[in-house]
Amino acid sequence: MSETGTPARPANVGIVIVSHSPLVARGAADMVRQMVGDCVPLAWTGGNAEGGLGTHVAGIQAAIEAAWSEAGVAIFVDLGGAETNSETAAELLGASRAGRIVVCNAPLVEGAVIAAAEASGGSSLAKVVATAEELSP
Amino acid sequence: MRLDAGDIAELIARCHAAIDRHGDHLGVLDSAIGDGDHGANMRRGLEAVFAERAAIAALPLPAALERIGLVLVMSIGGAAGPLYGTLLMELGRGLAPDADTDAFAATLEQAIAAVARRGRAGPGDKTLLDVLYPVQAEIMRHAAPERIAACARSAARATEAMQARRGRAAYLGARSVGHEDPGASSCALLAATICVYLAEHRPS
């Protein structure tokens, strides 16, 4: 349920997409991939552990691992449970990595695409997150 | 809270049975104002804990609580997993093995605060917190287990009149009024189940 790019520059911030729907998550990841190719580590997860609509911590952890970058990871989520589960997944990965993971307050599709574009230029995690969050009112 | 391995195993079994028995009802409540999967999610979570109950019961109570929290986080899914998981993991991390009722109430207060931060919710938002706060207050005043169980049930019922401000139900706005919150309902069910056991066994 995830795909990982081989980053041309390993320092680029990774992008994780978390939706209640696997179709939404995968579709958003496809758009990111079309935008930036393999320039940023990218992973998606959608659906609960049984494949139904929902999100689950283990799946999000796996996606973060898959998109892991030493520069950090920006996560894009749809509804509330996705946010809560993503924050929990980040914490369970340990304090040193959790400090480099941000759950963005931005629209899922637009946020992920614009964040990936920003990340592909080698921007810092803070800059990537800020660019995406500018989309939110 | 001097609960031995037998107590922990029996409490897990009873919570598992209670959620299994009421899972359909939780699903109905969640269908009214959420996505309808709370019963199925809770069943999955408690089944995972039940499957591990022998290993969990062998742990000291704080470690057992922490382990149950982690199992719930990993298995419930949805928003309820991190909320119940945070409650139990924080409780386990903060609790001394020989904690008395006052120490337990203080640790529970901290754990509930962590749940509130995790869910960015507070009193009156129509969530499981609306059961946890009054239950903690009753424990703090050393209420009898029967009294705490009754308080949990009435607190869950009181969420019916509230308008949801967090979770999927918040998208419904005023239409969320008139339905008991499923998270509050499962929380009251578990609290009451635990209290009934404690009333029967009265650990010192």
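Thresholds, definitions, all that
- Residues numbered from 1 in each chain as written.
- Chains lettered and ligands numbered in written order.
- Predicted model: local features only at pLDDT ≥ 70, side-chain atom pairs only at ≥ 80, totals over all residues.
- Heavy atoms only, no water.
- Phe/Tyr/Trp six-rings, centres within 6.5 Å; stacked < 30°, edge-to-face > 60°.
- Lys NZ or Arg CZ within 6 Å of the ring centre and 35° of its normal.
- Helix = DSSP H or I, 4+ residues; strand = E, 2+ residues; numbered from the N terminus.
- Expected span 1.5 Å × (residues − 1).
- Buried < 20%, exposed > 50% of the residue type's maximum accessible area, 1.4 Å probe, protein only.
- Salt bridge = Lys/Arg side-chain N within 4 Å of Asp/Glu carboxyl O.
- Axes fitted to C-alpha atoms, helices over the stretch in contact; angles between N-to-C directions.
- Parallel < 35°, antiparallel > 145°, perpendicular 65-115°, else oblique.
- Left-handed = near helix turned anticlockwise from the far one by under 90°.
- Contact = heavy atoms within 4.5 Å.
- Nonpolar A, V, L, I, M, F, W, Y, C, P; charged D, E, K, R; others polar.
- Core = buried A, V, L, I, M, F, W, Y, C linked by side-chain atoms within 4.5 Å.
- Pairing = 2+ DSSP bridges.
- Buried area = accessible area lost by both parts, 1.4 Å probe.
- Polar contact = N/O pair within 3.5 Å; in protein donor to acceptor, adjacent residues only side chain to side chain.

Quick word on the packing of aromatic side chains
How two aromatic rings sit relative to each other is given by the distance of their centres and the angle of their planes.
Argument step 1. Under the defined criterion, the tally for this structure stands at zero aromatic pairs over all chains.
Argument step 2. Geometry around Phe50(B) places Arg53(B) over its ring, the cationic atom sitting 3.9 Å from the centre.

Section: helix α3 (residues 80-92) of chain A
Residue and element names in this part refer to chain A.
Argument step 1. Compared with an ideal rise of 1.5 Å per residue, which puts 13 residues at 18 Å, α3 spans 19 Å between its outermost C-alpha atoms and is within 8% of the ideal.
Argument step 2. Those residues of α3 lying buried are Gly 81, Ala 82, Thr 84, Asn 85, Ser 86, Glu 87, Thr 88, Ala 89 and Ala 90.
Argument step 3. Directly beyond the C-terminal end of α3, a positive phi value near 100° is found at Gly 94.

Describing the pattern of salt bridges
Argument step 1. As enumerated under the stated definition, the model contains 18 salt bridges over all chains in all.
Argument step 2. The salt bridge partner of Glu65(A) is Arg97(A), with a shortest N-O separation of 3.1 Å. Taken together, the residues Glu65(A) in helix α2 (residues 57-66) and Arg97(A) in helix α4 (residues 95-98) connect sequence positions 32 residues apart.
Argument step 3. Here Arg147(B) ties to Glu138(B) by a salt bridge, and the two come within 3.3 Å at their closest N and O atoms.

Things to note about the packing of helix α2 (residues 38-51) of chain B against helix α4 (residues 61-76) of chain B
All names here are of chain B.
Argument step 1. Relative to each other, α2 and α4 sit at 140°, their axes nearing to 8 Å. With respect to each other, α2 and α4 are oriented oblique. As α2 runs across α4, the sense of the crossing is right-handed. Contacts between α2 and α4 pair Asn 41, Met 42, Arg 44, Gly 45, Leu 46, Ala 48 and Val 49 from the former with Ile 68, Val 71, Leu 72, Ser 75 and Ile 76 from the latter.
Argument step 2. For the contact of α2 with α4, the residue count by class is eight nonpolar, three polar and one charged.

Some details on the nonpolar core
Where a protein is soluble and globular, its nonpolar side chains tend to be buried together.
Argument step 1. Among the nonpolar cores identified, the biggest contains 58 residues, and Ile8(B), Met42(B), Leu72(B), Tyr84(B) and Val131(B) are the most heavily contacted of them.
Argument step 2. Excluding residues that lie within four positions of it along the chain, Val131(B) makes contacts with Ala152(B), Ala155(B), Ala156(B), Ala184(B), Cys187(B) and Ala188(B).
Argument step 3. Counting 25 residues, the second largest nonpolar core, distinct from the first, contains Ala28(A), Val32(A), Phe76(A) and Ala115(A).

Re the pairing of strand β2 (residues 42-46) of chain A
Residues and elements named next belong to chain A.
Argument step 1. The buried fraction of β2 is high, at five of five residues.
Argument step 2. Neither face of β2 is left uncovered, since the one carrying Leu 42, Trp 44 and Gly 46 and the one carrying Ala 43 and Thr 45 both have all their residues buried.
Argument step 3. Relative to β2, strand β1 (residues 14-19) runs parallel, the two being bridged by five bridges. Bridged to Val 16 within β2 is Ala 43.

Observations concerning the interface of chain A and chain B
Argument step 1. Opposite the 18 residues of chain A that make contact, chain B presents 16 residues.
Argument step 2. With both chains or domains summed, chain A and chain B bury close to 1,400 Å², and 49% of this area falls on carbon and sulfur atoms.
Argument step 3. Inspection of the chain A/chain B interface yields five salt bridges.
Argument step 4. The partner of Arg118(B) in a salt bridge is Glu91(A), with the nearest N and O atoms 2.8 Å apart.
Argument step 5. At the surface where chain A touches chain B, the tally comes to seven residue pairs in polar contact (both at pLDDT 80 or more).
Argument step 6. At the level of secondary structure, the elements contributing two or more residues to the side of chain A that touches chain B comprise α2 and α3 of chain A.

Describing the side chain of Ser86(A)
Argument step 1. With respect to the helices and strands, Ser86(A) occurs in helix α3.
Argument step 2. Apart from residues lying up to four places away in sequence, Ser86(A) is in contact with Val18(A), Ile60(A), Ile75(A), Val77(A) and Val103(A).

Some remarks on unusual backbone geometry
Residue and element names in this part refer to chain B.
Argument step 1. Here Lys 126, not a glycine, exhibits a phi torsion of approximately 70°, which is positive.
Argument step 2. Within the secondary structure, Lys 126 sits in the loop between α6 (101-119) and α7 (129-140).
Argument step 3. Classification of Lys 126 by relative accessible area gives buried; the value is 1%.
Argument step 4. Its identity is not glycine, yet His 142 carries a phi of approximately 60°, on the positive side.
Argument step 5. Position of His 142 relative to the elements: it lies in the loop between α7 and α8 (145-158).
Argument step 6. Judged by its relative accessible area of 46%, His 142 is partly exposed.

Here's the deal with the environment of Cys104(A)
All names here are of chain A.
Argument step 1. Mapped onto the elements, Cys 104 comes out in the loop between β4 (101-103) and α5 (108-120).
Argument step 2. Each C-alpha atom of the pair Cys 104 and Ile 75 lies 5.9 Å from the other, and the pair is 29 residues apart in sequence.
Argument step 3. Not counting chain neighbours up to four residues away, the residues in contact with Cys 104 comprise Ala 74, Ile 75, Phe 76, Val 129 and Glu 133.

Describing the sheet that holds β4(A)
All names here are of chain A.
Argument step 1. A sheet is described by the order of its strands in space; here four strands give the open sequence β2-β1-β3-β4, paired in parallel fashion. Since the sheet does not close on itself, it has two edges, and those belong to β2 and β4, each with one partner. Looking at each pair of strands side by side, their axes are set apart by 15° on average, direction ignored.
Argument step 2. Pairing analysis gives five bridges linking β1 to strand β3 (residues 73-77), with the strands arranged parallel. Directly across from Ile 15, in β3, lies its bridge partner Ala 74.
Argument step 3. Together, β1, β2, β3 and β4 form the strand contacts of α2, whose direction differs from that of β2 by roughly 170°.
Argument step 4. In this fold α5 packs onto β1 and β3, with an angle of close to 170° to the strand it touches most, β1.

By themselves, these observations are geometric and do not establish any function.
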